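This is what each chain is made of:
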Amino acid sequence: MSFIPGQPVTAVVQRIEIQKLREGDNLILGFSIGGGIDQDACQNPFSEDKADKGIYVTRVSKGGPAEVAGLRIGDKIMQVNGWDMTMVTHDQARKRLTKKKEDVVRLLITRKSLEETVRQSMMQH
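Since the structure is predicted, the reported quantities are computational estimates derived from the model, not experimental observations.

(A) Broad picture of the overall build of the protein. Along the protein, the regular secondary structure elements total three helices and eight strands. Counted from the first residue to the last, the protein has its helices and strands arranged as β-β-β-β-β-α-β-β-α-β-α. Per-residue burial for the protein yields a buried fraction of 37% across its 125 residues. Considering only contacts within the protein whose residues lie at least 6 apart along the sequence, 66% involve residues at least 24 apart. Accessible surface computed for the protein: about 7800 Å², of which carbon and sulfur atoms make up 52%.

(B) Up close: the pairing of strand S4 (residues 31-35). For S4, the tally of buried residues reaches four of five residues, placing the bulk of the element in the interior. Here S4 pairs with strand S5 (residues 55-60) via five bridges, running antiparallel. In the strand pairing of S5, Ser32 is matched with Arg59.

(C) Region of interest: the environment of Asn44. Mapping Asn44 onto the fold places it in the loop between S4 and S5. Asn44 sits 30 residues away from Gly74 along the chain, and the two C-alpha atoms are 9.8 Å apart. Discounting chain neighbours no more than four positions away, the residues touching Asn44 are Lys50, Gly54 and Tyr56.

(D) Structural detail: the packing of aromatic side chains. A complete count under the given rule lists zero aromatic pairs for this structure. Arg96 extends its terminal NZ or CZ atom over the ring of Trp83, reaching a point 3.6 Å from the ring centre.

(E) How the structure looks around the nonpolar core. The biggest cluster of nonpolar side chains holds 18 residues, and the ones touching the most others in it are Ile18, Phe31, Leu71, Ile77, Leu97 and Leu107. Of all the secondary structure elements, the ones that give two or more residues to this core are strand S1 (14-19), S4, S5, strand S6 (76-80), helix H2 (90-97) and strand S8 (104-110). In terms of residues, this core owes the most to one element, S8, which gives three residues. If sequence neighbours within four positions are ignored, Phe31 has contacts with Ile18, Val57, Arg59, Val60, Ala66, Leu71, Ile77, Leu97 and Leu107.

(F) Geometry of the pattern of salt bridges. This structure, assessed with the given rule, holds six salt bridges. When the shortest N-O distance is used, the salt bridge between Arg22 and Asp103 registers 3.1 Å. Within this pair, whereas Arg22 is found in strand S2 (residues 21-23), its partner Asp103 is found in the loop between H2 and S8, the two being separated by 81 residues in sequence. On the basis of relative accessible area, Arg22 is assigned to the exposed category, the value being 51%.

(G) Fine view of unusual backbone geometry. Of note, Asn81 is a non-glycine position whose phi angle comes to about 50 degrees, a positive value. For Asn81, the position within the fold is in the loop between S6 and strand S7 (83-84).

(H) Representation of the pairing of S8 in the model. With six of seven residues buried, S8 lies mostly within the body of the structure. Two elements, S1 and S8, share six bridges in a ladder whose sense is antiparallel. The partner of Gln14 across the bridge, within S8, is Ile109. In terms of strand pairing, S6 meets S8 through four bridges, oriented antiparallel. Looking at the pairing, Lys76 lines up with Thr110 of S8.

The rules behind the values
- Residues numbered from 1 in each chain as written.
- Predicted model: local features only at pLDDT ≥ 70, side-chain atom pairs only at ≥ 80, totals over all residues.
- Heavy atoms only, no water.
- Helix = DSSP H or I, 4+ residues; strand = E, 2+ residues; numbered from the N terminus.
- Buried < 20%, exposed > 50% of the residue type's maximum accessible area, 1.4 Å probe, protein only.
- Contact = heavy atoms within 4.5 Å.
- Areas by Shrake-Rupley, 256 points an atom, 1.4 Å probe, with all protein chains shown as cover.
- Pairing = 2+ DSSP bridges.
- Phe/Tyr/Trp six-rings, centres within 6.5 Å; stacked < 30°, edge-to-face > 60°.
- Lys NZ or Arg CZ within 6 Å of the ring centre and 35° of its normal.
- Core = buried A, V, L, I, M, F, W, Y, C linked by side-chain atoms within 4.5 Å.
- Salt bridge = Lys/Arg side-chain N within 4 Å of Asp/Glu carboxyl O.

The values reported here are purely geometric and, on their own, carry no functional implication.
Here it is as structure tokens:
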């Protein structure tokens, strides 16, 4: 997926719903993120072009809520509970994901394999 600032983003997305795990006062998602408009995009190993300042999954805990829901390392988070995540800071993204009042996080993500699968199926028809 190429990203051009100011232009609409076209992406093949997948919905993932994560039920947070409650541990005492904490709600656990079981994954970490990297990226954001305030971060150096050149340091992001998952973005195809180094102008992409999106939010990416950098770690998924084995057996945790995110892994159970199907989230993978390298997934790009496009939305969290309906909120656009394509132009947010790292801290804004973290706050959206960790809201205490929300037991469920609904994500729209994109990943390279989704785009490749759609591209291949379009070529076969």
